Amino acid sequence: SGINAEYGGIPHPRVNLRNGNSEIYNDKACTAGIGTLILEFKMLGRLIGDPVYERVAERAMDKLWELRNNETGLIGNVYNLRTETWDDPMSGIGAGIDSYYEYLLKSFILFGNENDLSRFSLFYNNITKYMKRSYSANGDLNNLENPIYFANVNMNNGKLHNHWIDSLSAAFIGVQILHGDLETAIHHHALFYGLWLKYDALPERYNWNKKACEYAFYPLRPEFAEATYLLYQATHHPFYLYVGESIFKSIERFNKAKCGYATLNSVLTKKQEDRMESFFLSETCKYLFLLFDFHNPLHKYNDFIFTTEGHLLRINSYVREKISFLYSESDASRISNISHMFTCQTFHKSRQLVPPFSDTFWHNLINFINLQ
């Protein structure tokens, strides 16, 4: 089994399907890999009536919670199953950790487990405390005219770990929207839009201190398109249609190849590689399609949620009620009645007539990323 009790229930990143053993050289698991099982495994278990899937997924989530730093409340990026220590203590919102936060919140929305919401809320507060930074002389996070970014920090002390952000951290914008922190999501999204205008793509890593690419590779990732789609659904501001059009035109211009759409070896040279990742079709194209498909039936209802891979799971009482093997009857009744959706910060219709952020903010953002 990929989820071995020997390591506290933490799943191995790879398993040999012939003999069921984990590969000797794969004893390092990233936080996202450990903590992104709960939606699919829990849903599977409740649909077929087998509690084992839910139990192993819950055990992995519980183990991650135990591994957070007691002082900062933060969690690291890569955990060593054999030494039972963090090989990479970097804490951030991007690659290697992103979907763990997403699944804590979505697990609450889908199944109503208040424990998941409590854990998410504590992580969200600590992310804001240690990672959220402002591009301004005084670092004022409350001034909406200052561009914001989320820095990677050391989980043990909350101090700056490096100077880059990665393209996968755009996925956290969707988490901010779902959490109801709409203004932060709007201004966070603007950073990635500025980078898109700068490169006609998103580099895997961007060094905000040097104002330059740190890793220029671009494999047609979906996170920015997803964030744009979700922001349009939350605000119905036409600005996000314009952003989506920019994404589409850039992909058509620089990624289109004879037999598909190619990964860019570098956003600087636009040199193509002979590869197209599966998530381009399953996620990037899907979110762009939904952005412009105004009458899609999906937009008429609030009873679906996307998994981190862009699949739809329906929110209904059926999957919430099938929890007798883990909760008492009184607990089941209480959890089933929890409201499954949040109320976002108000976005008044009058704001749809002007840009979603101020001219001063955009001017400051241009200076922050050195957008010509």
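Structural data are supplied above this passage.
Residues numbered from 1 in each chain as written. Predicted model: local features only at pLDDT ≥ 70, side-chain atom pairs only at ≥ 80, totals over all residues. Heavy atoms only, no water.

## Things to note about the overall build of the protein chain
A tally of regular secondary structure across the protein chain gives 13 helices and 14 strands. A burial count over the protein chain gives 53% of its 372 residues as buried. Here the contacts in the protein chain between residues at least 6 apart in sequence split such that 65% fall between residues at least 24 apart. Of the roughly 17,300 Å² of accessible surface on the protein chain, a fraction of 51% belongs to carbon and sulfur atoms. (Helix = DSSP H or I, 4+ residues; strand = E, 2+ residues; numbered from the N terminus. Buried < 20%, exposed > 50% of the residue type's maximum accessible area, 1.4 Å probe, protein only. Contact = heavy atoms within 4.5 Å. Areas by Shrake-Rupley, 256 points an atom, 1.4 Å probe, with all protein chains shown as cover.)

## Comments concerning the sheet that holds strand β1 (residues 28-30)
If you walk across this open sheet you meet the three strands as β1-β2-β3, and the pairing is antiparallel. The open sheet is flanked by β1 and β3 (85-88), the only strands paired with a single partner. In this sheet, neighbouring strand axes are inclined to one another by 40 degrees on average, regardless of whether the strands run parallel or antiparallel. Judged from the three bridges that link them, β1 and strand β2 (residues 78-80) form a sheet pairing that is antiparallel. Across the sheet, residue Cys30 finds its bridge partner in β2, namely Val78. (Pairing = 2+ DSSP bridges. Axes fitted to C-alpha atoms, helices over the stretch in contact; angles between N-to-C directions.)

## Topic: the packing of aromatic side chains
Aromatic rings in a pair are described by how distant their centres are and how their planes are angled relative to each other. Evaluation of the coordinates by the stated rule reveals 28 aromatic pairs. Arranged with centres 5.5 Å apart and planes meeting at 85 degrees, the rings of Phe239 and Phe357 form a pair that is edge-to-face. Pair noted here: Phe239 is in helix α9 (residues 239-254) and Phe357 is in the loop between α12 (329-336) and α13 (359-369), with a separation of 118 residues, a long-range link. The exposure class of Phe239 is buried, given its relative accessible area of 15%. Looking at Phe357, the relative accessible area reads 11%, which means it is buried. (Phe/Tyr/Trp six-rings, centres within 6.5 Å; stacked < 30°, edge-to-face > 60°.)

## Considerations on the nonpolar core
Counting residues in each nonpolar core, the largest one holds 51 residues, and the members touching the most others are Ile173, Tyr218, Phe224, Leu231, Ile251 and Ile369. Taken together, the elements giving at least two residues each to this core come down to α6 (172-179), α7 (182-199), α8 (223-235), α9, α10 (278-292) and α13. At ten residues, the largest contribution of residues to this core is made by α7. Dropping the residues within four chain positions of it, Ile173 is found in contact with Ala185, His188, His189, Phe192, Ala227 and Leu231. (Core = buried A, V, L, I, M, F, W, Y, C linked by side-chain atoms within 4.5 Å.)

## Quick look at the packing of α7 against α9
Between α7 and α9, whose axes approach to 11 Å, the crossing angle comes to 30 degrees. Taken together, the axes of α7 and α9 lie roughly parallel to each other. For the element pair α7 and α9, the recorded crossing hand is left-handed. Contact residues: α7 offers Ile186, His189, Tyr193 and Trp196, while α9 offers Phe239, Tyr240, Tyr242, Val243, Ser246, Ile247, Ser250 and Ile251. When grouped by side-chain class, the residues that make up the contact of α7 with α9 number nine nonpolar, three polar and no charged. (Parallel < 35°, antiparallel > 145°, perpendicular 65-115°, else oblique. Left-handed = near helix turned anticlockwise from the far one by under 90°. Nonpolar A, V, L, I, M, F, W, Y, C, P; charged D, E, K, R; others polar.)

## Description of a nonpolar patch on the surface
On the surface, a nonpolar cluster with roughly 370 Å² of combined accessible area is contributed by Leu44, Leu47, Ile48 and Tyr318. Counting residues per element, the nonpolar patch draws most heavily on helix α2 (residues 38-48), which supplies three residues. Tracing the sequence through the fold places Ile48 in helix α2. (Patch = residues over 30% accessible without salt bridge, like charges linked within 9 Å, V, L, I, M, F, W, Y side chains within 5 Å. Salt bridge = Lys/Arg side-chain N within 4 Å of Asp/Glu carboxyl O.)

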